[in-house]
Amino acid sequence: MRFGAGLWNLQQTAMVPRSAAATYRGFVGEARRLESLGYESLWLSEHHFFYDGYCPAVLPAAAAALAATSRLRVGTGMLLLPMQRPERVAALSAQLARQSGGRFDLGVGLGYRDIEFDGKGIPRTERVARSAAGLAAVAEIAEPAGVKVWNGSATPKGVARAGARGQGVLLSGGNPLSLVRELAAAHRAGWQEAGRPGGSRPRVAALRNVWLTSDRHEREAVLEYQRASYVLYAGLGWSVKATDGTEAMDFTADVDKAVAAAVATTIIGDAREVADGLREVAEAGVDDVVFRVMIEGAPVGAVFEMLGRLSDEVLPDLAGVEAAA
Amino acid sequence: MRIGFQLPEEQTAAWAAEADAAGVFALLVPAAGGLSAVLAPAVALATRDARIVVPVALGSEHPVTLAEELAVLDALTGGRLVALVDTGDLDAEAATEDVLLLRRALSGRPLRHRGARWTVPAGIAPDVSDSVIVTPGTTQLELPVWLAGRAAPALAEATGLPVATTDPALPLRQDGPQPALAVLAGDLAADRDLVTAWATAGATLLLLAAPEGAAPGFLRDYVARYLIPEVAMVDFPRLMAETAPPPVWPGALSAIDE
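Residues numbered from 1 in each chain as written. Chains lettered and ligands numbered in written order. Predicted model: local features only at pLDDT ≥ 70, side-chain atom pairs only at ≥ 80, totals over all residues. Heavy atoms only, no water.

**Notes on the pairing of strand β9 (residues 205-209) of chain B**
Residue and element names in this part refer to chain B.
- When you tally the buried positions in β9, you get 5 out of 5 residues, the bulk of the element.
- Residues L205, L207 and A209 of β9 are buried on one face, and the alternating residues L206 and L208, pointing to the opposite face, are buried as well.
- Across 4 bridges, strand β1 (residues 2-6) lies against β9 in parallel orientation. For I3, the partnering residue across the bridge sits in β9 and is L206. (Buried < 20%, exposed > 50% of the residue type's maximum accessible area, 1.4 Å probe, protein only. Helix = DSSP H or I, 4+ residues; strand = E, 2+ residues; numbered from the N terminus. Pairing = 2+ DSSP bridges.)

What follows is the structure, encoded as structure tokens:
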């Protein structure tokens, strides 16, 4: 099992006001700190036209983090591919791989906010076709340069298509473990049914809400911050479709219920409880975990202090843990 | 006239750090076939004070997307960014629409655009807002936009924006910024004439390219020592640059506390 952290949205919010310049300056320092703690990867995320400056251009941001570090992998989780020119995304990604010694992970997603498509003059109905065209350009230009491609999807069909291309998936942190299990299986099946492209099975990474603490007050604070962080999804209008084994999580229809369901995914406790929680994630078919710790308002110092303890006290025990087949 | 430097594609960040330490005013990021958006961040991290001029290829993306990229780069540079917009293959009319949309997107105002090339918002989805605001806003009060490329002169007329020029014989603007680009010969007399000619013609910032074979140290020992002073006053007393430098301080301390 490998470990990273995310998501860096690079916001300036109503609850945590700051300047955009301070946000990006902080981000560069945070990338260095994450690397020094031994984590494998850092993940960014993209949105458009949101009041808080939510990063609309993840490739320049990734370039900064890569330039500031020497071992850390930097990924987009996700870059919204249908809204951009595919050849340009592919060429910029290839350059990032070249100038970082192959440390760039290109995670691509479809996007879901109407206003974002509309602001770029793109009918949302075209998003799947545009994504396919984008992935073709990425396969031709970016992957040969050493860019590793990940897909963001929360439907069995979507992850199966990624598996069939021989590409990894990064699953959302809000997904209950039952859905993670279902998606990991669909990804694996998609890869197998396509004749195992690439030879070795592409990885399943999952964002998970994780916090190591034995302190009751810290525990309460963390869960409260997570609740607040998921209110963002209500603002953005995010939802997870229902599948055979999992109820829908609709932040637009019932905010409180959806937020509660997302917060309930949290693995929180002492070293043993967190290790057990992460083993359960591996048993659901997950190869790599991206800790969803950059939650709005949580003091950055506390986040990194916790990441340091997690790296010292828990992660070494999980080095040999592998995703269940 | 200020002196800037055109960064080479190789060792870009190392050249940038040296230029910044030597007080070079502005650095032009290599266009590198449209890849400057991911080259500029390393230049930003290697410098603290220099303005960072980033080439933007019109026609390569939706102007709103280019504006978003510039806003992020402006934040990453702490407000030191300048956009050098190249008209590429676009004709004057198309380039004018793209630049107007780009600048409106960077203005922080609600954006609603109806043009021959672009409609923002497109009005495709039902029940969405009739305008959008590009975020984050620029770190600077207003992002400087300079023009380059075939349609630049016509575009300058339509927009009033400065054109980065390479020909000192053409009439230069005598008010507002007037950027220019030139290549150094590596011969002191010729290079002094070059920078003086540009300063006399009315350029306000000259972005110099290194002569072949130069190493980064040339920015301190040549550009900063001879050329920046040459155009910083009328009739610069060259003795100031030509006298023997003071001996190295015992322990090789730098003259400036970093």
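Resuming the write-up.
**Focus: the environment of D187(B)**
- Along the chain, D187(B) falls in the loop between β8 (179-183) and α6 (188-201).
- Considering only alpha carbons, one finds D187(B) and P211(B), 24 residues apart in sequence, at a separation of 9.1 Å.

**What about the interface of chain B and chain A?**
- Taken residue by residue, the interface counts 38 residues in chain B and 40 residues in chain A.
- Buried surface at the junction of chain B and chain A, summed over both partners, amounts to about 3000 Å²; 66% is from carbon and sulfur atoms.
- Looking only at chain B, the three residues that lose the most surface to chain A are V38(B), L45(B) and T135(B), adding up to 19% of its buried area.
- Applying the counting rule to chain B against chain A returns 2 salt bridges.
- Close ionic contact of K120(A) with E68(B) constitutes a salt bridge, the shortest N to O distance being 2.9 Å.
- At the boundary of chain B and chain A, one finds 13 residue pairs in polar contact (both at pLDDT 80 or more).
- When the residues that make up the side of chain B that touches chain A are grouped by side-chain class, the tally is 24 nonpolar, 11 polar and 3 charged. (Contact = heavy atoms within 4.5 Å. Buried area = accessible area lost by both parts, 1.4 Å probe. Salt bridge = Lys/Arg side-chain N within 4 Å of Asp/Glu carboxyl O. Polar contact = N/O pair within 3.5 Å; in protein donor to acceptor, adjacent residues only side chain to side chain. Nonpolar A, V, L, I, M, F, W, Y, C, P; charged D, E, K, R; others polar.)

**Details of the side chain of S41(A)**
All names here are of chain A.
- Positionally, S41 belongs in strand β2 (residues 41-44).
- A polar side-chain atom of S41 sits 3.0 Å from a polar atom in the side chain of W43.
- Not counting chain neighbours up to four residues away, the residues in contact with S41 comprise F3, G4, A5, L34, L72 and R73.

**Thoughts on helix α2 (residues 36-46) of chain B**
- Of all the 11 residues making up α2(B), 8 are buried; the element is thus mostly covered by neighbouring parts of the structure.
- Taken together, the buried positions of α2(B) are S36(B), A37(B), V38(B), L39(B), A40(B), P41(B), V43(B) and A44(B).

**A short note on the environment of T87(B)**
All names here are of chain B.
- Among the secondary structure elements, T87 is positioned in the loop between β4 (81-86) and α4 (92-105).
- Placed 28 residues apart in sequence, T87 and G59 show a C-alpha to C-alpha distance of 7.6 Å.
- The residues touching T87, leaving out its near neighbours within four places in the chain, are L58, A95, A148, G149, R150, A151, A152 and L155.

**Description of the packing of aromatic side chains**
- One pass over the full model with this rule turns up 8 aromatic pairs over all chains.
- Between F3(A) and F291(A) the ring centres are 5.5 Å apart and the planes differ by 5°, which places this aromatic pair in the stacked class. Pair noted here: F3(A) is in strand β1 (residues 2-8) and F291(A) is in strand β13 (residues 288-292), with a separation of 288 residues, a long-range link. You'll find F3(A) and F291(A) in the same group, each marked buried.
- When the centroid spacing of 5.3 Å and the interplanar angle of 25° are considered together, the rings of F5(B) and W15(B) count as stacked. Taken together, the residues F5(B) in strand β1 and W15(B) in helix α1 (residues 12-21) connect sequence positions 10 residues apart. Each member of the pair F5(B) and W15(B) is classed as buried.
- Taken together, the ring pairs in this structure connect F3(A), Y39(A) and F291(A) into an aromatic cluster.
- The ring of Y230(A) carries R292(A) above its face, with NZ or CZ at 4.0 Å from the centroid.
- Geometry around F25(B) places R2(B) over its ring, the cationic atom sitting 4.1 Å from the centre. (Phe/Tyr/Trp six-rings, centres within 6.5 Å; stacked < 30°, edge-to-face > 60°. Lys NZ or Arg CZ within 6 Å of the ring centre and 35° of its normal.)

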